[in-house]
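The lines below spell out each chain.
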Amino acid sequence: MAFNLILFYLFAAIAVGTTLLVVVQSNPVHSVLLLIGSFIGLAGLYVLLEAPFVAVIQIIVYAGAIMVLFLFVVMLLNAPREAIVRSSMLESGATRAVGALLALAFAAELAWALTRSRTLAMSHAGDTPAFSVPQIGQRIFQEYAFAFEATSILILVAMVGAITLAGRHLSKNDQGHNG
Amino acid sequence: MLNPVVIAQLAILLFVFVMLLSSAAGMVYMERKVAARIQQRMGPTLVGPYGLLQPLADIIKLAMKEDVRPKAADPILFALAPIISAACAFTAFAVVPFGAETTFFGLLDQPVPLQVADVNVAILWVFAVTSMGVYGIVLAGWSSNSKYSLLGALRSSAQMISYELSYGMALAAVLVLSGTMSIRGIVEAQSGGLLDVSHWFLWLQPVGFFIFMTAGVAETNRAPFDFPEAEQELVAGYHTEYSSMSFAMFFLAEYINMVTVSAIATSLYLGGWNGPFLPEWLGWIWFLAKVGFLLFFYVWMRWTLPRYRYDQLMAFGWKFLLPLSVVNLLVTAAGVLYFGL
Amino acid sequence: MADLNHYLILSGLLFTIGTAGVLLRRNVITVLLSIEVMLNAVNLTFIAFGRFLGSSDGQIIVFFVITVAAAEAAVGLALVIALFRHVETLNPDAFRQLRG
């Protein structure tokens, strides 16, 4: 077996394993940390797919910034543990069994649909050139320039929105609620 | 049996690991000696000649202490936090080159770079691994289940995240000048010139160097930016509840982060292993000298400057350093376009 | 050499897990995390196709998806904080005031 294939299965196992645990865990702090593990597995897969730039960007932005945001919110909210545990999964085992069965059916259907594509003939493109960062940068700023500018406005809107929603409005009356 | 190049690479890996560990020990000694001299006292002199075996005594003492774990602490996270800190500190150094490509006097048939891994997105790799190091601190504070730890951890991690932005902008300015993200490429872009000194990026980017060093000091929670772990303020911040080897891991992680920041600053601004008067294969001596100077500068700053208060620290990072780094990037980019560097 | 099909099946699996998390969990933070899982599965599909079709479009689109996911996570968490100030729970079933 090629080394590549072994690495693929290793990273895929890490990604799937940690993602399953994310959904199953009752403690949200553990969920966030497991999701970071999943991102690291995915970053490994991106490197295998010859996209090291995106892999590193994923670690910096997703695992290093967004997950820290999640972690801060979970730690600062500190919802009472019993509430989390009690209402984390639907109570009856039958519901869970039906849910798992439906999930399996969905997964099988997705796998069938995705592998029917005509790209089967092209799936062994082993000699595609690896894209260097300058090439990607050129395309982003030339072809995708509008998307780039729109995304920057989106980030600005998100920043203002987040501060407005979560910030403490000292001039309003609801400062007395939870403070 | 094995390809000799692979053996050489493994040997370099082992060498870098051992050197990092001993540099942490050396830093412990240097810190105490330099601190003592700045405060006009002697420092460690009892253990070994000139107190040189003091770090060894410290390590033995730490290893023999009892490992206390608070009862309400989350066991997995409590054990995981120092591991994450130390692992990220070591991993960040993996892409730092400390010498030119060498064949070890003709023993090997193809030259091997003096570096653990030559990745062509190396600068981003360092940035990514440093971002992951924040988790060690946050988890340490959270899993200790203690007020002081949590407050210290949240402040410390908020500080690290804030200064990462200026850090990244300063890096981006260097990337504009060098055109490549591989650290080896950046060092090689600084070679040549008068006495091998005049092409350093330090002369083209003095403001960038200042921003990078300031942000680096804040990232490693040192010197004037160490409010979150100041002894007088928050007991000991995020590592209050840790003892013996776990505490040693945090200490180790902090010193190795310092070494990494100094090594990256050397490679980006001070020309890496380029220096006058020595042949290229001895470049690593210059690298060690420059990193040593920056580490001395770190210790010097700690024992000379007073500490920033937390809100002053955050205001400095967001309202002064970040706009300055953006302006630095713009001016650098304009300069490259205009002068065609 | 891992095939395109391998990557597609993997991303289908991850997408399913994410969807199951969104639909089955009763904790707002975990629901947001599951949405991130779904976005990541889609990213993997993009990069896999980009690699096997020889185009850098996959990487560029993933770049934008990551950015949009960041913005969405920030606003989502701000909403969670704002809601938490009114009712001290992370259970989305507790917010029923607009139900018909």
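This structure is a prediction, so every number in the text was calculated from the model and none was measured. (Residues numbered from 1 in each chain as written. Chains lettered and ligands numbered in written order. Predicted model: local features only at pLDDT ≥ 70, side-chain atom pairs only at ≥ 80, totals over all residues.)

A. Here's a closer look at the overall build of chain C. Helix and strand counts for chain C come out as 3 helices and 0 strands. The helix and strand sequence of chain C, counted from the amino end, reads α-α-α. Against the compact-globule benchmark of 13 Å for 100 residues, chain C has a radius of gyration of 17 Å, which places it well outside the compact range. Oriented by its inertia axes, the alpha-carbon framework of chain C measures out at about 50 × 25 × 25 Å. Here the contacts in chain C between residues at least 6 apart in sequence split such that 48% fall between residues at least 24 apart. (Helix = DSSP H or I, 4+ residues; strand = E, 2+ residues; numbered from the N terminus. Rg over C-alpha atoms; globule rule 2.2 N^0.38 Å. Contact = placed C-beta atoms within 7 Å.)

B. Structural detail: the overall build of chain A. Check the secondary structure of chain A and you find 7 helices and 0 strands. In sequence order, the secondary structure elements of chain A are arranged as α-α-α-α-α-α-α. A burial count over chain A gives 29% of its 179 residues as buried. (Buried ≥ 20, exposed ≤ 12 C-beta atoms within 10 Å, placed from the backbone.)

C. Representation of the interface of chain C and chain A. Counting residues at the interface gives 61 residues for chain C and 71 residues for chain A. Looking at the side of chain C that touches chain A, the elements that each hand over two or more residues are α1 (4-24), α2 (28-53) and α3 (57-86) of chain C. Of all the elements, α3(C) adds the most residues to the side of chain C that touches chain A, at 21 residues.

D. Spotlight on the environment of B:Ile183. All names here are of chain B. Tracing the sequence through the fold places Ile183 in helix α6 (residues 183-188). C-alpha of Ile183 to C-alpha of Ser267: the two residues are 84 residues apart in sequence and 6.9 Å apart in space. Leave out the neighbours within four places in its chain, and Ile183 touches Val95, Val96, Pro97, Ala122, Ile123 and Ser267.

E. Layout of the nonpolar core. Membership of the largest hydrophobic core comes to 163 residues, with the highest contact counts inside it found for A:Val32, A:Val56, A:Met67, A:Phe70 and B:Trp125. Beyond its immediate sequence surroundings of up to four residues, A:Phe70 is in contact with A:Val32, C:Ile29, C:Leu33 and C:Leu77. (Core = buried A, V, L, I, M, F, W, Y, C linked by C-beta atoms within 7 Å.)

F. Representation of the domain arrangement of chain A in the model. Here chain A is described as being made up of domain 1 (1-87) and domain 2 (131-168). Of note, the centres of domain 1 of chain A and domain 2 of chain A, computed from C-alpha atoms alone, are 23 Å apart. (Domains from an automatic or database assignment.)

G. View of the confidence of the model for chain C. Residues of chain C with pLDDT of at least 70 account for 98%, and the chain-wide mean is 88. Interface confidence for the predicted complex, given as ipTM, is 0.90, next to a pTM of 0.87. (pLDDT = per-residue confidence, 0-100.)

H. Quick peek at unusual backbone geometry. Phi is positive for A:Glu50, which is not a glycine, with a value near 60°. Phi is positive for B:Asn221, which is not a glycine, with a value near 60°. Here B:Asn221 lies in the loop between α8 (206-219) and α9 (244-269). A tally of 25 C-beta atoms within 10 Å means that B:Asn221 is categorised as buried.

I. Inspection of the packing of α2(C) against α3(C) at higher detail. All names here are of chain C. At a minimum axis distance of 9 Å, the contact between α2 and α3 shows a crossing angle of 175°. Between α2 and α3, the crossing angle belongs to the class labelled roughly antiparallel. When α2 is examined against α3, the residues Val28, Ile29, Leu32, Glu36, Leu39, Val42, Asn43, Phe46, Ile47, Phe49, Gly50 and Arg51 are found in contact with a partner set consisting of Asp57, Gly58, Gln59, Ile61, Val62, Val65, Ala69, Ala73, Gly76, Leu77 and Val80. For the contact of α2 with α3, the per-class residue count stands at 15 nonpolar, 5 polar and 3 charged. (Axes fitted to C-alpha atoms, helices over the stretch in contact; angles between N-to-C directions. Parallel < 35°, antiparallel > 145°, perpendicular 65-115°, else oblique. Nonpolar A, V, L, I, M, F, W, Y, C, P; charged D, E, K, R; others polar.)

J. Here's a closer look at the confidence of the model for chain A. For chain A, the mean per-residue pLDDT works out to 81, and 77% of the residues sit at or above 70. Between residues 174-179 of chain A, whose pLDDT stays under 50, and residues either more than four places distant or in other chains, the model counts 4 contacts.

K. Focus on the environment of A:Ser152. Take A:Ser152: it is sitting in helix α7 (residues 145-166). As a C-alpha pair, A:Ser152 and A:His30 span 122 residues in sequence and 32 Å in three-dimensional space.

L. Region of the structure containing α9(B). Residue and element names in this part refer to chain B. Between its first and last C-alpha atoms α9 spans 37 Å; for 26 residues at 1.5 Å apiece the expected length is 38 Å, and the two agree. Judged by how many residues are buried, α9 sits mostly within the fold: 23 of 26 residues are covered. Count one or two residues on from α9 and you reach Gly271, which has phi positive near 85°. (Expected span 1.5 Å × (residues − 1).)

M. The arrangement of the environment of A:Pro52 in detail. All names here are of chain A. Turning to its location among the elements, Pro52 is positioned in helix α3 (residues 52-77). When the 23 C-beta atoms within 10 Å are taken as the criterion, Pro52 is described as buried. For the pair Pro52 and Phe72, spaced 20 residues apart in sequence, the C-alpha to C-alpha distance is 28 Å.

N. Local environment of the packing of helix α4 (residues 122-143) of chain B against helix α5 (residues 147-178) of chain B. Residue and element names in this part refer to chain B. Interhelical geometry of α4 versus α5 gives an angle of 175° and a closest axis separation of 8 Å. In this view, α4 runs roughly antiparallel relative to α5, as classed from their interaxial angle. Here the contact of α4 with α5 is composed, by residue class, of 14 nonpolar, 7 polar and 1 charged.

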